[in-house]
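# A look at the structure
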Amino acid sequence: MDHSDRTMLGDKALQSHGGEKPHIWSSLEGGPRIDIGKQIFCNRSLNMRNIVAIGFDMDYTLAQYKPETFESLAYEGTVRKLVYDLGYPQEMDRHKYVKVAYHGFRELSKEDKVGTYGNTFIRDSFDEPDYALIDTLFSLAEAYLFAQLVDLRDNNPGKVPEGADYPRMYKDVRAAVDLCHRDGTLKQVVAKDPKRYINEDTSIVPMLKMLRNSGRLTFLVTNSLWDYTNIVMNFLCASHKLEGGITCKFDWLQYFDVVITGSAKPGFFLEDNRANIFEVEPESGMLLNNDNGTPMPQVGSTSPKMLPKGLNKRYRVFQGGSVGHLHKLLSIESSTQVLYVGDHIYGDILRSKKVLGWRTMLVVPELEREVELLWELRDTRKQLRLLRNERDLVEDRVHHLKWSLKFESLGDDEKQNMISSLGELESRRDQVRLAHQQAQGDYHQKFHKIWGQLMKTGYQNSRFAHQVERFACLYTSQVSNLSLYSPDKCYRPSEDFMPHEFIFFPLEK
Ligand SMILES: Nc1nc2c(ncn2[C@@H]2O[C@H](COP(=O)(O)O)[C@@H](O)[C@H]2O)c(=O)[nH]1
Ligand SMILES: [Mg+2]
């Protein structure tokens, strides 16, 4: 590994977020070298000095679920509901992949793809209700199961319940997944053994402490309800202490000025949302009426019900409400003073940015490997560009020869020479085209066997990348990457390039 490799990749050994000694910016070892997979990327300038409050989503942002256990839990829970409540058969093959242009597990031919989706590249038109968006990791089990049912219906139509066409099957899967999230199928099991389902991240507490020491307010806004939130946050913020035998049920609340559970995002971000807000009594989970965050007496009582003794009143937990309540509780004067970190481009990022004007940071766990691979495959990319340039060059020469043969008055010898050159060039063009296609396919498969690069569709940015660019001011692979940067950092976007400017750049080094 040469020096530039070390600079780009940083020192992994120093940055183990799951390890005992988290490496954060404010520690003595903290500094400018950051592993590329853990860097924070910037779409729009963001000066952290202007940020007064930093908020976090919980599920798949602070809490990263383990795919090998959590996704199986979601998948199996959903299958049980489909089989026992909705009459679907039990046998469904598990070990295949799906892709948008697949029908079940059958890849659509080019013609079928055009027939189904049209041949234009309209990134924004694939919206609900005609399309289902798989844009949160929670949706994976659902997408996989639906593909299995499509296969089952095509191959064994008699085995799916009568009248179950594709739309109905999707609705059934959706309903079963939804129920799994509401009736305890997932949460009861995770709550019993969080360590089995959620990654430990010992950087979270130091990150929150650093942000708070820098004078920032911190808050949590999650769609999960209080009982589950308390279990997950206890695990994330106190698991190492719990192992020492200390039970610290609400200690984690000290890291947040306000906690809002059951927030019903994205509706939460609408300023005209009239949802009621309730204060949660942490011990009992009881909901207390309040007036815009101010405690009020319950009917039959003359004084507001106070939280249990010993629980610092400064730490406040709520359920429901809207962004208006939150701004009031935190004394936020302008939306641009708030940075919100979430994993769901639609539920967390799009509305909060577009409607409200909050600054946003999207967490994309797949990005870590994607960025590392981009770095590892830089020579391959250079080869691809060379092949592409060669293909263009040969194609241009073929066109030119064909034109000359058609329109120039040529002597017999000259014409013969041109015809044989044309033959050679056409065969070279076919070779280069094939080599380019194969190299391009191999390159994409390095990222994901079926999907290829997350942020690309061929040479263009994917729909997901397009949304990230539009709505996420910052994006990164893990929430705790924030701990690797100064809390006063001024994030600046990279320079924009138009296609004509690439003429002047040498191929990547
Ligand atoms: N009722 C449903 N709940 C769902 C579904 N998918 C996810 N979820 C739940 O939402 C929250 C997400 O919390 P956040 O911290 O990311 O805001 C979590 O409790 C999930 O269980 C669904 O399809 N239906
Ligand atoms: Mg989330």
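Note that the structure is a prediction, hence the values are computed from the model and not measured.

For the rest of this paragraph, the subject is the coordination of the magnesium ion (ligand 2). Around the magnesium ion (ligand 2), the protein contributes the donor atoms Asp-57 (OD), Asp-59 (O) and Asp-343 (OD), at 2.1 to 2.2 Å from the metal centre. Within one chain, the residues donating to the magnesium ion (ligand 2) are spaced in sequence as D-x1-D-x283-D. Residue Asp-59 is located in the loop between strand S3 (53-56) and helix H2 (67-86), and its partner Asp-343 is located in the loop between strand S12 (338-342) and helix H11 (345-356); the two are separated by 284 residues in the primary sequence.

Our focus in this paragraph is empty space enclosed by the protein. Within this structure, the stated rule accounts for four cavities of 30 Å³ or more. In this structure, the second largest cavity occupies an estimated 50 Å³ of space. Phe-70, Ala-74, Thr-78, Phe-138, Ala-141, Glu-142, Val-177, Cys-180, His-181 and Leu-186 are the residues that line the second largest cavity. Residue classes in the lining of the second largest cavity are distributed as seven nonpolar, two polar and one charged.

All right, on to the site of ligand 1 then. Neighbouring residues of ligand 1: 13 residues in total, closest Arg-174, Asp-178, His-181, Thr-222 and Ser-224. Taking Met-58, its main chain carries an N or O atom lying 3.2 Å from an oxygen atom of ligand 1. Within the backbone of Asn-223, a nitrogen or oxygen atom sits 2.9 Å from an oxygen atom of ligand 1. Shared between two domains, the shell around ligand 1 takes at least three residues from each, and those domains are domain 1 (49-64 + 194-299 + 311-364) and domain 2 (67-192).

What follows deals with a negative patch on the surface. Residues Glu-408, Asp-412, Asp-413 and Glu-414 make up a contiguous surface patch of negative charge. The class of Glu-408 is partly exposed, set by a relative accessible area of 45%.

This part covers H2. Residues that lie three or four places apart on an α-helix share one face, since the helix turns once every 3.6 residues. Those residues of H2 that sit buried are Thr-69, Phe-70, Leu-73, Ala-74, Tyr-75, Gly-77, Thr-78, Val-79, Lys-81, Leu-82 and Val-83. Looking at the buried residues of H2, the elements they touch are helix H4 (140-155), helix H5 (166-182), helix H6 (187-192) and helix H7 (194-197). Positive backbone phi, approximately 75°, marks Gly-87, located one or two places after H2.

Okay, the UniProt feature "binding site: GMP" (unreviewed entry) in the protein chain next. This chain's UniProt record puts "binding site: GMP" (unreviewed entry) on Asp-59. With residues near it in sequence (within four places) discarded, Asp-59 still touches Tyr-65, Phe-138, Thr-222, Ser-224, Tyr-228 and Asp-343.

Under the criterion given, the structure shown has zero disulfides. No disulfide involves Cys-490; its nearest neighbouring cysteine sulfur is the one of Cys-42, lying 8.1 Å away.

Let us look at the nonpolar core. Counting residues in each nonpolar core, the largest one holds 73 residues, and the members touching the most others are Phe-56, Leu-62 and Phe-256. Secondary-structure elements contributing two or more residues to this core are S3, H2, H4, H5, helix H8 (204-213), helix H9 (226-243), S12 and strand S13 (359-363). Among residues more than four places away in sequence, those in contact with Phe-56 are Leu-62, Met-207, Leu-208, Leu-211, Phe-219, Leu-220, Val-221, Phe-256, Tyr-340, Val-341, Val-479 and Leu-482. Within the second largest apolar cluster, 17 residues are counted, among which are Phe-318, Ile-332, Tyr-340 and Trp-358.

Note the cis peptide between Lys-265 and Pro-266, where omega equals 5°. Assignment of secondary structure puts Pro-266 in the loop between strand S7 (258-261) and strand S8 (277-281). In this model, Tyr-60 sits at a positive phi of 65°, which is unusual for a non-glycine residue. Within the secondary structure layout, Tyr-60 lies in the loop between S3 and H2. Positive phi, normally seen in glycine, also occurs at Ser-331, with a value near 55°.

Before going further, it helps to spend a moment on the packing of H4 against H5. Between H4 and H5, whose axes approach to 10 Å, the crossing angle comes to 145°. Both H4 and H5 take part in a crossing whose hand is right-handed. When H4 is examined against H5, the residues Glu-142, Leu-145, Phe-146, Leu-149, Val-150, Arg-153 and Asp-154 are found in contact with a partner set consisting of Tyr-166, Met-169, Tyr-170, Val-173, Arg-174 and Val-177. Among the residues making up the contact of H4 with H5, the classes are represented as nine nonpolar, no polar and four charged.

In this numbering, the UniProt entry assigns the feature "active site" (unreviewed entry) to Asp-57 and Asp-59. Along the chain, the position of Asp-57 falls in the loop between S3 and H2. Setting aside its immediate chain neighbours within four residues, Asp-57 contacts Leu-62, Leu-220, Val-221, Lys-265, Tyr-340, Val-341, Gly-342, Asp-343 and Asp-348. A polar contact of 2.6 Å, which involves the side chain of Asp-57, links it to the side chain of Lys-265. Residue classification places Asp-59 among the buried positions, given a relative accessible area of 9%.

Criteria and thresholds
- Residues numbered from 1 in each chain as written.
- Chains lettered and ligands numbered in written order.
- Predicted model: local features only at pLDDT ≥ 70, side-chain atom pairs only at ≥ 80, totals over all residues.
- Heavy atoms only, no water.
- Donors = N, O, S within 2.8 Å, 3.2 Å for Na, K, Ca; no water.
- Helix = DSSP H or I, 4+ residues; strand = E, 2+ residues; numbered from the N terminus.
- 1 Å grid on protein atoms, 1.4 Å probe; cavity = no way out; pocket = protein on both sides within 12 Å on 5 of 7 lines; lining within 4 Å.
- Points joined across faces, edges and corners; volume = space filled by probe spheres on them.
- Nonpolar A, V, L, I, M, F, W, Y, C, P; charged D, E, K, R; others polar.
- Near = heavy atom within 4 Å.
- Polar contact = N/O pair within 3.5 Å; in protein donor to acceptor, adjacent residues only side chain to side chain.
- Domains from an automatic or database assignment.
- Patch = residues over 30% accessible without salt bridge, like charges linked within 9 Å, V, L, I, M, F, W, Y side chains within 5 Å.
- Areas by Shrake-Rupley, 256 points an atom, 1.4 Å probe, with all protein chains shown as cover.
- Salt bridge = Lys/Arg side-chain N within 4 Å of Asp/Glu carboxyl O.
- Lys, Arg positive; Asp, Glu negative; His and termini not counted.
- Charge placed at Lys NZ, Arg CZ, Asp CG, Glu CD.
- Buried < 20%, exposed > 50% of the residue type's maximum accessible area, 1.4 Å probe, protein only.
- Contact = heavy atoms within 4.5 Å.
- UniProt positions renumbered as here; feature names shortened; annotations may be inferred.
- Disulfide = S-S within 2.5 Å.
- Core = buried A, V, L, I, M, F, W, Y, C linked by side-chain atoms within 4.5 Å.
- Axes fitted to C-alpha atoms, helices over the stretch in contact; angles between N-to-C directions.
- Left-handed = near helix turned anticlockwise from the far one by under 90°.

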